[in-house]
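# Descriptive analysis of the structure
So you can see what is in the structure, the chains are spelled out below.
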Amino acid sequence: MVQGTKVRVVFVFSCTLCPAPCALIIIYMKIFFKHKLALSGALIILLMNVLAIFAPLLSSTHPEDIDVGSYLLPPCLAHPLGTDQLGRDLFARLAYGARISLMVGFIAVGISVSIGLLFGALSGYYGGAVDLLIMRFVDIMLCFPTFFLILAVVSMLESNIVVIMAVIGLTSWMGVARLVRAEILSLKQRDFVSAAKASGVSDCKIILRHLVPNAMGPVFVSATLGIAAAILTESSLSFLGIGIQPPVPSWGNILMDAKSCLGIAWWMTLFPGMLIFITVLGYNFLGEGLRDLLLRREQEG
Amino acid sequence: MLGIVGESGCGKTMTGLSLTNLLPDSKLKIESGKIIFAGEDIVSLDEAQLRALRGKEIAYVFQEPATALNPVLTIGEQIREVVKLHCKHIPKDAINGFIIEHLEDVGIHLANEKLNVYAHQLSGGEKQRIMLCMAVIARPKLLIADEPTTAVDVTIQSQIIKLLHKLKKEYGLSIFLISHNLAVVADLSDYIGVMYAGRIVEFAKAGIVLEKPLHPYTQGLLNCLPELQTGRGFKSINGEVPKFDNLPSGCSFSPRCVKAQKRCFLKMPPMFKTALNQEVRCWLYSGS
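Here is a short report on the structure shown in this document.

### Brief notes about the overall build of chain B
Helix and strand counts for chain B come out as 11 helices and 10 strands. Over its C-alpha trace chain B gives a radius of gyration of 21 Å, about what one expects of a compact globule, namely 19 Å for 288 residues. Dimensions of chain B along its principal axes, counting C-alpha atoms only, are 70 × 50 × 35 Å. Burial statistics for chain B: of 288 residues in total, 50% are counted as buried. Surface exposure of chain B reaches about 14,200 Å², of which carbon and sulfur atoms provide 54%. The centroid of the 33 positive side-chain charges in chain B is displaced by 6 Å from the centroid of its 29 negative side-chain charges.

Right, here's the structure in full:
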């Protein structure tokens, strides 16, 4: 799963540029590499993924191993980021926590993008009553204060990682749906859609083969930014104690553990806080970079 | 082969689109009348029957080849879509060969390489040839060509016209050619229909219309062509095509017509038939 995240980064690159042949991809790559913000974002994400994938190799102990003798140790050689109140190695917990946090971000956005694409495409393509119905549903969904909706749902259901991912995904698809609808509204006026219709292609195939692939650029931008938001939401939920349940580590619940010894163990809040901050920043940078790239492509094309 | 001419906004494209019930807006509908194709009324067909008809029996070529190809699919993928839909007798492993054969038929060089390229890598002429290939590959009976030469330059224009000639002969196509270029229509058509404000105002064999145009509008259109020999420059018809929600009473051409009489402003003339089997919608010929 975490490996998927890494593949995804490359996938985002090649898919935003997908209509371009090799020569153009190289040109866009050059632009991308000149774009300092996007590049640093991509590097941060790459680094986090490496941390997550190689967590067992990088850390000397298991994140759930309790060693009461060495509790609340400040950063030292044996424990580079210190230990918590149960003597668990903070670095190991953060590295394993990266797996959970990144996976939640990635899969939650996967869910929200799929739903958004489906509703957005139907709404944009058919228009009329279908459009009205779906868009009003979107409006209603947007009226809920999302975070409290998630809180309510999670506290009713048994809290596990699947529920967290599903709930975050199910409450964040509205933006994508609006985006896709707008794209499809303009794309369906294009001649190649009429041409496909005139050669007898069915509505379903027109949407899937002709419209959706052309609308993917902005969707990738919003998905990248969405991952950042999803990671934040998961951290907040875990911080409040209704997200990922201990002893499984996630960045949010490590922070929750740190809360009780804020005054005496600075390392326990600083490092998970920084990790969340940097990762979210990385995804936001990459998202902004992709948006610039897309804008440039549209201006040129 | 039937050619339809008229100015922009005369309803030529709408006529073409309604032939396969493809009107662009869901608010636009065919209100009345029948469109008979091979003994069947197209207006009465449902969506599934229409889909089976589109591409298989009636194919369409659009004006702008640059936008009529999907930018994110290769040429091969797009043609394959049509083949899979309408040429079910072709076995899967023979599809590529089948496509290459047809691409060569429409004059694409290095056809097997062109299968894997995207639309923006091709020239305008090549794109229009590929559109034609996609249109005729399922051997339709009727090809609707909506200004197929308008977006390409003059040398390509003549090549496309030659190609249409060839396809018509080899594939036994009927062609419904829409154009505002009288020269193109004159070159290709057996019959010419002149359209004004949504109505056919003159209809006859191509030669007759060009030599002896009867309707003042047709005469005006022919006058617009510059003639090299006589050195006569461009002439134009004053005014512009009326909007469809604001048609003048009487003959819709009357406000611009140089020969307009009193009754032209009062009542829309019917089609009059002349001795040469020429049909014309103008009061001037009410006696004949």
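What follows continues from the structure just given.
### Quick notes on the interface of chain A and chain B
Listed as interface residues are 20 residues of chain A and, on the opposing side, 24 residues of chain B. Roughly 2,000 Å² is buried in total at the junction of chain A and chain B, and carbon and sulfur atoms are behind 59% of that figure. Put simply, chain A and chain B have one salt bridge between them. When the shortest N-O distance is used, the salt bridge between Glu81 of chain B and Arg209 of chain A registers 3.0 Å. For the pair chain A and chain B, the interface holds nine residue pairs in polar contact (both at pLDDT 80 or more). For the side of chain A that touches chain B, the secondary-structure elements that each account for two or more residues are α10 (191-198) and α11 (203-239) of chain A.

### Observations regarding the nonpolar core
In this structure, Ile79, Leu103, Leu143 and Tyr217 of chain B are the most contacted members of the largest nonpolar core, which totals 88 residues. If we skip the residues at most four places from it in the chain, Ile79 of chain B touches Ile99, Leu103, Ile130, Cys133, Met134 and Ile137 of chain B. Leu81, Met165, Phe192 and Ala230 of chain A belong to the second-largest nonpolar core, a separate cluster that totals 76 residues.

### Side note on the pattern of salt bridges
Two side chains bearing opposite charge may form a pair once their charged atoms approach each other closely. Counted by the stated rule, this structure contains 13 salt bridges over all chains. Notably, a salt bridge pairs Arg291 of chain A with Glu288 of chain A, separated by 3.8 Å at the nearest N-O pair. Taken together, the positions of Arg291 of chain A and Glu288 of chain A, both in helix α13 (residues 266-300) and three residues apart, correspond to about one turn of that helix. In this structure Glu288 of chain A comes out as partly exposed when scored by relative accessible area, which is 33%. Glu57 of chain B is the partner of Lys141 of chain B in a salt bridge, and the nearest nitrogen-oxygen pair spans 2.5 Å. With Lys141 of chain B in the loop between α7 (124-136) and β5 (142-146) and Glu57 of chain B in the loop between α2 (47-53) and β4 (58-61), this residue pair connects regions lying 84 residues apart in the sequence. Lys141 of chain B gets classed as partly exposed once you look at its relative accessible area, which sits at 46%. Overlapping salt bridges bring together Asp84, Arg88, Arg93 and Asp257 of chain A as one network.

### Considering a positive patch on the surface
Taken together, the side chains of Lys205 of chain A together with Lys84, Lys88 and Lys92 of chain B present a region of like positive charge at the surface. Structurally, Lys84 of chain B is set in helix α4 (residues 75-86). On the accessibility criterion, Lys84 of chain B (47% relative accessible area) is partly exposed.

### As for the packing of aromatic side chains
This model, assessed by the stated rule, comprises 13 aromatic pairs over all chains. Pairing Tyr196 of chain B with Phe253 of chain B gives two aromatic rings, centres 5.0 Å apart and planes at 80°, and the pair type is edge-to-face. One end of the pair, Tyr196 of chain B, is in strand β7 (residues 191-196); the other, Phe253 of chain B, is in the loop between α11 (216-224) and β9 (272-273), with 57 residues separating them in the sequence. Take Tyr196 of chain B and Phe253 of chain B: they sit in the same class, and that class is buried. Through successive ring pairs, a cluster of aromatic residues spans Phe119, Phe137 and Trp173 of chain A. Cation over ring: Lys259 of chain A sits above Phe239 of chain A, and NZ or CZ is 5.5 Å from the ring centre.

Rules of the game
Residues numbered from 1 in each chain as written. Chains lettered and ligands numbered in written order. Predicted model: local features only at pLDDT ≥ 70, side-chain atom pairs only at ≥ 80, totals over all residues. Heavy atoms only, no water. Helix = DSSP H or I, 4+ residues; strand = E, 2+ residues; numbered from the N terminus. Rg over C-alpha atoms; globule rule 2.2 N^0.38 Å. Buried < 20%, exposed > 50% of the residue type's maximum accessible area, 1.4 Å probe, protein only. Areas by Shrake-Rupley, 256 points an atom, 1.4 Å probe, with all protein chains shown as cover. Lys, Arg positive; Asp, Glu negative; His and termini not counted. Charge placed at Lys NZ, Arg CZ, Asp CG, Glu CD. Contact = heavy atoms within 4.5 Å. Buried area = accessible area lost by both parts, 1.4 Å probe. Salt bridge = Lys/Arg side-chain N within 4 Å of Asp/Glu carboxyl O. Polar contact = N/O pair within 3.5 Å; in protein donor to acceptor, adjacent residues only side chain to side chain. Core = buried A, V, L, I, M, F, W, Y, C linked by side-chain atoms within 4.5 Å. Patch = residues over 30% accessible without salt bridge, like charges linked within 9 Å, V, L, I, M, F, W, Y side chains within 5 Å. Phe/Tyr/Trp six-rings, centres within 6.5 Å; stacked < 30°, edge-to-face > 60°. Lys NZ or Arg CZ within 6 Å of the ring centre and 35° of its normal.

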